[in-house]
Amino acid sequence: MDERILSITDRCVRRQPTSRLDRRYLLSFDERSEEAEYIISAADRFVKETCGNTGEIGVQIGVIVGPCYADCGFCNFASSTTDVEDFTMGDGELTRYLDSVAESGIVSSVSLMTIHNFDFDDYLHIVETARSVLPEDIRICSNTGDLEPSEARELKKAGVDSAYHALRLGESIDNRLEPVDRARTMKNLISAGIPVAAGVEPIGPEHTMNGICESFEHAMGESCQCCSASARIPVPGTRMFSSGSISDRKLKLIRSALLLSSTDMDNTEFGFYGGFYGGFNRYFGEYSNSPKDREELSEKGMRHTVHWAAQSLINDGYEKIRCPDGSVRLISEII
């Protein structure tokens, strides 16, 4: 084993500073290599020790969807290719989803997702309804299109605890959005007191390790809470369906390298590093409409339910789960 990789990973697990060159070095190996196995194993051990072998589960619900102006080439809702009709979830359906989430007793956060061109007043009402239905200890996360400063402040007042917003790979190339607007929204959310989880996504085989590092470093430089990594999922009917995808192993290497190389950062939350939709000690179920699923109800398509999330944690070697009230339970007692 290369002495340099041993030195870098040792500093990482001891939460000592690492350089950009170190980060790029960790990402430079073939995912099938001995070095990649060492990096992935080191990250896995670090997270399990840090969180006490305890996982968390979140849920995302598609509440406002339809033909999206952003027209992302990888998204089920892209206006040029979608057959999804405009849909805004009503109070009754939203409440049924939220009651089910709360009843499970193991979901710590709920993300309310929209397309880029959404009606803000409708969304604000959805957030207010969710806050009135959910127990106070279940966090509400927003995942929306770009926001003005005043809108971010209103979401904070309505009960949004955190947000997912990313300046994605291929912004303005694979879609109609401008990077400056995406970055401005991240600032607006943070200024409103809403912590932001960003993401290097959607990663495809054409993306370079330097590009991935630059995306990650930009997000962390903007004081985001963390920056995850997610692969592009080929969605039938989209413009980028035939553009290919990366292997699960390569995604694990990317996630592990990004996590290890940021352990010294004060603003980081390690659970999100696996990707907003899953990995390491946090998994998100998906309900209603999803940008990655052609089925109208993603819980019947991808089947990424709360049960799936709990089983995924078990498959990854986690024994316990943190409930929204802060208590810890054995996952084996739940499923």
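All residue numbers refer to position in the chain's written sequence, counted from 1. It should be noted that, the model being predicted, local features are given only for residues of pLDDT at least 70 and side-chain atom pairs only at 80 or more, the latter also being counted only at that level, while totals for whole chains, interfaces and linings use all residues. Only hydrogens and water are set aside when side-chain values are computed; all heavy atoms of the structure are taken into account.

### Focus on the overall build of the protein
Strands here are runs of E lasting at least two residues and helices are runs of H or I lasting at least four, both read from the DSSP assignment and numbered beginning at the N terminus. Across its full length, the protein holds eleven helices and eleven strands. Counting only C-alpha atoms, the protein reaches 60 × 45 × 35 Å along its principal axes. For every residue, the accessible area (1.4 Å probe, protein chains only) is compared with the maximum for its type, and the residue is labelled buried under 20%, exposed over 50%, or partly exposed between those bounds. Out of the 335 residues in the protein, the part that is buried amounts to 55%. Here the contacts in the protein between residues at least 6 apart in sequence split such that 71% fall between residues at least 24 apart. By element, 47% of the accessible surface of the protein is carried by carbon and sulfur atoms, the whole surface being about 14,000 Å². Under the counting rule used here, the positive set is Lys and Arg, the negative set is Asp and Glu, and His together with the chain ends is not counted. Charge positions are represented by NZ for Lys, CZ for Arg, CG for Asp and CD for Glu. Placing the 35 positive and 53 negative side-chain charges of the protein at their respective mean positions leaves the two points 4 Å apart. Residue contacts are counted whenever heavy atoms from the two residues lie within 4.5 Å of one another. All accessible-area figures derive from a Shrake-Rupley calculation using a 1.4 Å probe, and residue coverage is judged against the displayed protein chains alone.

### Things to note about helix 4 (residues 91–104)
Each residue after the first adds 1.5 Å to the expected span of a helix. Between its first and last C-alpha, helix 4 extends 20 Å over 14 residues, near the 20 Å set by a 1.5 Å rise per residue. Every buried residue of helix 4 is listed here: L94, Y97, L98 and V101. Each buried residue of helix 4 lies within a common arc of 95° when the element is viewed along its axis, so the set occupies one face. Summarising the geometry of helix 4, the exposed residues directed more than 90 degrees from the buried face are R96 and E103. Immediately downstream of helix 4, the backbone of G105 shows phi near 75°, a positive value. It is the directions from the helix axis to the C-beta atoms whose arc is reported.

### Brief notes about helix 11 (residues 306–315)
For helix 11, the full list of buried residues reads V306, A309, A310, S312 and L313. End-on view of helix 11: buried residues confined to an arc of 155°, all on one side of the axis. Packing partners of the buried residues in helix 11 comprise strand 1 (54–65), helix 4, strand 3 (107–114), strand 9 (282–288) and strand 10 (320–322). One or two residues past the end of helix 11 sits G317, with phi positive at roughly 95°.

### Thoughts on a negative patch on the surface
Residues D119, D121, D122, E128 and E154 make up a contiguous surface patch of negative charge. For E154, the position within the fold is in helix 6 (residues 149–158). Patches here: salt-bridge-free residues with over 30% relative accessible area, like charges joined within 9 Å, nonpolar side chains (Val, Leu, Ile, Met, Phe, Trp, Tyr) joined within 5 Å. Whenever Lys or Arg places a side-chain nitrogen within 4 Å of a carboxyl oxygen from Asp or Glu, that contact is recorded as a salt bridge.

### Things to note about the packing of aromatic side chains
For this analysis, a ring pair means two rings from Phe, Tyr or Trp (six-membered ring only for Trp) whose centres lie within 6.5 Å, classed as stacked if their planes differ by under 30 degrees, edge-to-face if by over 60, and tilted for the remaining angles. For the structure shown, the criterion picks out four aromatic pairs. Between Y25 and F29 the ring centres are 5.1 Å apart and the planes differ by 80°, which places this aromatic pair in the edge-to-face class. For the residue pair Y25 and F29, the accessibility class agrees, reading buried in each case. For the pair Y283 and W308, a centre-to-centre distance of 5.5 Å together with 85° between the ring planes defines the contact as edge-to-face. Of the two residues, Y283 is situated in strand 9 and W308 in helix 11; the sequence distance between them amounts to 25 residues. Taking relative accessible area as the criterion, W308 reaches 23% and is therefore assigned partly exposed.

### What about the side chain of E201?
When you line up the elements, E201 lands in strand 6 (residues 196–203). Here E201 is buried and forms no salt bridge, its nearest opposite-charge partner R168 lying at an N-O distance of 5.3 Å. With near-sequence residues (within four places) excluded, E201 lies in contact with Y164, A166, R168, L169 and S230.

### Quick look at the environment of A43
As for its placement among the helices and strands, A43 is situated in helix 3 (residues 34–51). Between the C-alpha atom of A43 and that of V13, which follows or precedes it by 30 residues, the distance is 8.1 Å. When near neighbours in sequence (up to four residues on either side) are disregarded, A43 contacts S256, L260 and F280.

### Concerning the pattern of salt bridges
As enumerated under the stated definition, the model contains 21 salt bridges in all. Here E217 ties to R23 by a salt bridge, and the two come within 2.8 Å at their closest N and O atoms. Of the two residues, E217 sits in helix 8 (residues 209–221) while R23 sits in helix 2 (residues 20–26), which places them 194 residues apart along the sequence. Judged by its relative accessible area of 13%, E217 falls in the buried class. Here E206 ties to R232 by a salt bridge, and the two come within 2.8 Å at their closest N and O atoms. You can see E206 sitting in the loop between strand 6 and helix 8 and its partner R232 sitting in the loop between strand 7 (226–231) and helix 9 (248–260), a full 26 residues away along the chain. We classify E206 as partly exposed; its relative accessible area is 40%. The exposure class of R232 is buried, given its relative accessible area of 3%. Within the structure, one salt-bridge network assembled from shared partners comprises R20, R23, R24 and E217.

### Points about the environment of K292
Relative to the helices and strands, K292 resides in the loop between strand 9 and helix 10 (298–301). When the C-alpha positions of K292 and V235 are compared, they lie 6.1 Å apart, and in sequence the two are 57 residues distant.

### Some points on the nonpolar core
The criterion is simple. A nonpolar core is a set of buried Ala, Val, Leu, Ile, Met, Phe, Trp, Tyr and Cys residues joined through side-chain atoms within 4.5 Å. Grouped together as the largest cluster of nonpolar side chains are 82 residues, with contacts concentrated most on I57, I61, V63, V110, L112, L155 and I254. Considering each element in turn, this core owes the most residues, eight residues, to helix 3. If near-sequence neighbours (up to four positions away) are discounted, L112 is found in contact with I61, V63, L94, Y123, I126, V127, A130, I140, C141, S142 and N143. One finds V65, A70, F74 and I115 within the second-largest nonpolar core, a separate group that totals twelve residues.

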